[in-house]
Every structure is written in C-alpha cells, then in structure tokens.
Amino acid sequence: MNIKQSILKELEENRGQSVSGSYLAGKLNVTRSAIWKAVKSLKNDGYLIDAATNRGYLLRPDSDILSAESIRPLLKGGAKDFFLDVRGCVTSTNTIAKALALEGAAHGTAVIASEQTAGRGRLGRSFYSPSGTGVYLSIILRPDLIPQDSLLITTCSAVAAARAIVSIANVRADIKWVNDIFVNDKKVCGILTEASINFESGRLEYAVVGIGVNVTTRDFPDGLNNIAGPVLDERPSDRPVCSALAAEILNNMSECMSSLTDKQWLEEYRRRSFLIGKEILVLRGNDRIPAGAIGIDDKAGLIVKYSDGSTETLTCGEVSVRQLH
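Residues numbered from 1 in each chain as written. Predicted model: local features only at pLDDT ≥ 70, side-chain atom pairs only at ≥ 80, totals over all residues. Heavy atoms only, no water.

### A word on the packing of aromatic side chains
Applying the stated criterion across every chain yields a total of three aromatic pairs. Arranged with centres 5.2 Å apart and planes meeting at 75 degrees, the rings of Phe182 and Phe274 form a pair that is edge-to-face. Residue Phe182 is located in strand S8 (residues 180-183), and its partner Phe274 is located in the loop between helix H8 (266-272) and strand S11 (279-284); the two are separated by 92 residues in the primary sequence. A relative accessible area of 15% means that Phe182 is categorised as buried. (Phe/Tyr/Trp six-rings, centres within 6.5 Å; stacked < 30°, edge-to-face > 60°. Helix = DSSP H or I, 4+ residues; strand = E, 2+ residues; numbered from the N terminus. Buried < 20%, exposed > 50% of the residue type's maximum accessible area, 1.4 Å probe, protein only.)

### Quick notes on the pattern of salt bridges
Under the criterion given, the structure shown has 21 salt bridges. Between Lys4 and Asp45 there is a salt bridge, with its nearest N and O atoms 2.7 Å apart. Of this pair, Lys4 sits in helix H1 (residues 3-13) while Asp45 sits in the loop between helix H3 (32-44) and strand S2 (49-52), and the two are 41 residues apart along the sequence. Put simply, Arg163, Glu255, Glu268 and Arg272 are held in one network by salt bridges that share partners. (Salt bridge = Lys/Arg side-chain N within 4 Å of Asp/Glu carboxyl O.)

### Section: the sheet that holds strand S14 (residues 311-314)
One open sheet accounts for five strands, arranged S14-S13-S12-S11-S15; its pairing is antiparallel. The sheet is open, and its two borders are formed by S14 and strand S15 (318-321), each paired with just one other strand. Direction aside, neighbouring strands of the sheet carry axes that sit 45 degrees apart on average. Pairing of strand S12 (residues 287-296) with strand S13 (residues 302-306) involves five bridges; the strand directions are antiparallel. Note on S13: the bridge partner recorded for Gly292 is Lys305. (Pairing = 2+ DSSP bridges. Axes fitted to C-alpha atoms, helices over the stretch in contact; angles between N-to-C directions.)

### Here's the deal with the layout of surface pockets
As a volume, the largest pocket reaches approximately 890 Å³. Every residue lining the largest pocket is counted, 43 residues in all, and those nearest its centre are Arg125, Asp180, Lys187, Leu224 and Ile227. Contributing elements (two or more residues each) for the lining of the largest pocket: helix H5 (93-102), strand S6 (134-141), S8, strand S9 (186-198), strand S10 (203-214) and S15. The residue inventory of the lining of the largest pocket, partitioned by class, reads 18 nonpolar, 17 polar and eight charged. Here the second largest pocket defines a volume of roughly 410 Å³. What lines the second largest pocket is a set of 21 residues, among which Leu8, Tyr47, Ile65, Leu66 and Ser67 lie closest to the centre. (1 Å grid on protein atoms, 1.4 Å probe; cavity = no way out; pocket = protein on both sides within 12 Å on 5 of 7 lines; lining within 4 Å. Points joined across faces, edges and corners; volume = space filled by probe spheres on them. Nonpolar A, V, L, I, M, F, W, Y, C, P; charged D, E, K, R; others polar.)

### Description of the nonpolar core
In terms of nonpolar packing, the biggest core is built from 71 residues, with Ile165, Trp177, Ile211, Leu250, Tyr269 and Leu302 touching the most fellow members. With 13 residues, helix H6 (residues 151-169) is the single largest residue contributor to this core. The residues contacting Leu250, other than those within four sequence positions of it, are Leu75, Ala79, Phe82, Leu84, Ala110, Ile112, Leu137 and Ile139. One finds Ile7, Ala38, Leu42 and Leu59 within the second-largest nonpolar core, a separate group that totals 14 residues. (Core = buried A, V, L, I, M, F, W, Y, C linked by side-chain atoms within 4.5 Å. Contact = heavy atoms within 4.5 Å.)

### Here we look at the sheet that holds S2
Overall, antiparallel pairing links the three strands, which are arranged S1-S3-S2 in an open sheet. Two strands close off the open sheet at either side, each with one partner strand: strand S1 (18-19) and S2. Judged from the two bridges that link them, S1 and strand S3 (residues 56-59) form a sheet pairing that is antiparallel. Looking at S3, one finds that Val19 is bridged to Tyr57. Contacting S1, S2 and S3, H1 runs over the sheet at an angle of about 70 degrees to S3.

### Describing the pairing of S6
Of all eight residues in S6, eight are buried; the element is thus mostly enclosed. Along S6, one buried face is formed by Gly134, Tyr136, Ser138 and Ile140 and the opposite face, lined by Val135, Leu137, Ile139 and Leu141, is buried too. With four bridges connecting them, strand S5 (residues 110-116) and S6 associate as antiparallel partners. Within S6, the position partnered with Val111 by the bridge is Ser138. Where S6 lies against S10, eight bridges are found, and the strand directions are antiparallel. From the neighbouring strand, Ser138 faces S10, where its bridge partner is Gly210.

Structure below.
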C-alpha cells in the first residue's frame, strides 16, 4: 500500500472527522510535506477533502469515489475476506474477472469499476455504463455445483442486488425473471452470469457474476429512455452511496452464496418477482408465444402456462410482459 492509499484508508475510516497531518506523518513514518503532496494528489483525483490549519484533513461525507479503501470498512461477515480489485474505467468487469478466474483468482475476487466502455448484458446486448453514475462489479465464485443448477447463481445474485438497492435507497426493488431489477417500473440493474465447466468432474470450475446498477444514471441512449432508470433521483449529500451499494452487494452475495443450495433466499426471490400472475410473451428467436407466468419452481425456473393448457418450466431464455389492449 503506497502513501496515497494509506492516507485514503485513514480518511475513510474517519470519514467526516479531521485527521491531523502530524498524526498521519507519524503513523506512516513520512514527512508532513509528503502527506500534503499525497492529499493534494487525492484531491486532484476528485476526492472531496477539506484541510484546516491545526485541524488536519477531513474527507467529506459526500465524497463518493469507488475505492477499496471506501468499500472495505463497510464489508461484513464472509465478505470481509473478499479481494477487491477497484478500477476507474474498464472495458468490462466481466471480461477482466473471467481472465482473472482463468489465472486462478480466488472465490470472492471482485472487480469493481465506476465506468465501462464495453459493458455487456445478456444475449450479447451492451450495458450502458457511464462514468460516475453507477456501480459495475463482477465477482468470481467457485461453488460446488453442477451446470444444471447454475440458474441458482443468477437468481441468488438478483436477491443480493435487490437487497442492496433497498438498503441504500429505501425503495421497493422488484425482480423480472431472470436477472433484471426494477424500481418504479424502470430497469435499474442487470445481471450477467458466465461460467466455465470442468469436464472431468462435470461441475462448475468457476462462475463470474456481473452486476451493473444505475445509481443516478440519466440521459440513456435512444431505445432505453422508456425502459431504464436510476435508483436515486439525486445523489445524497451526507453519505457515499456508490461505495455503500458496492459493499452491500458483496455482503449480500456472501450471505446468499452461503445458502445457495439450501435456497433460503428463494422465497424472497418469489416475493420480489413481478411476473407471477401476469400475461407474458416467451421470446424464442422471432417467435413471441403468449403465456401466463404462474410460479417459480425450486430450481428458480419460471413456470408458464400456454393457451392450450400445457405448462413448461423455463430455465433460460427471455420473457416480456404482454401488453394487453
């Protein structure tokens, strides 16, 4: 950890309170001048730091730049053991996380960014990821799971993300099977799960779960304006919501993954689903097949009923709410 990171760690742990330059210099065994230069560099990076003679340096409550130092103090339980790889702008956190997984990165390695230039969603779609208005993270998981049960990972992650959104915004978060989260009828979060199979064991070698959240994102590209929206109308002035959201997602991921196979989270997934009881369209290629969504089974599959009375459990694919006129 370099001087800047060490100072940031101290300021984050004392957010909203002054930390004296002499204390920092003594603890880090450097000169006061070195402290001043490092703080100046942090301010140039965008951190909101107030300095006052005889009082020291204060990281303002509304400073909200994603960093390992801002996220780690908020981690709980098993998430405290996660490795955080926090970056500014990346192509795609999933792309980076998959490369790290292939290199042997441990369970719980999280790649977190404040911007993506090539963010990806399901079915090859792009995920709009502008700078400074969202949280984009991917976590490497190494569950002992057969491929047929991999849907549990995505649905468990949806519950984790929904809980996190509720905790930082005090809003209702609904889940559209299988991987989208909606607030006020607008999509605020998308989840992309990618996995590798060990063909010798027939089980998953790793899974990478990518979670993108529109925290205060606006001005969506054409085609998304009527679909996507932000979690918050404006950024609070008294707390760092992006760091808190990232931490809460990781905390909830750790908790949900610990009960992945006993499915303690599944009933919550059912409660948050807004498709149940609605008329939907099952999308298959160019076909749009009318059906009714009647339930979520014990493997997180969507149970649908067609007009001829037959039922089917979907474990992949896409559905949309049917607009009745």
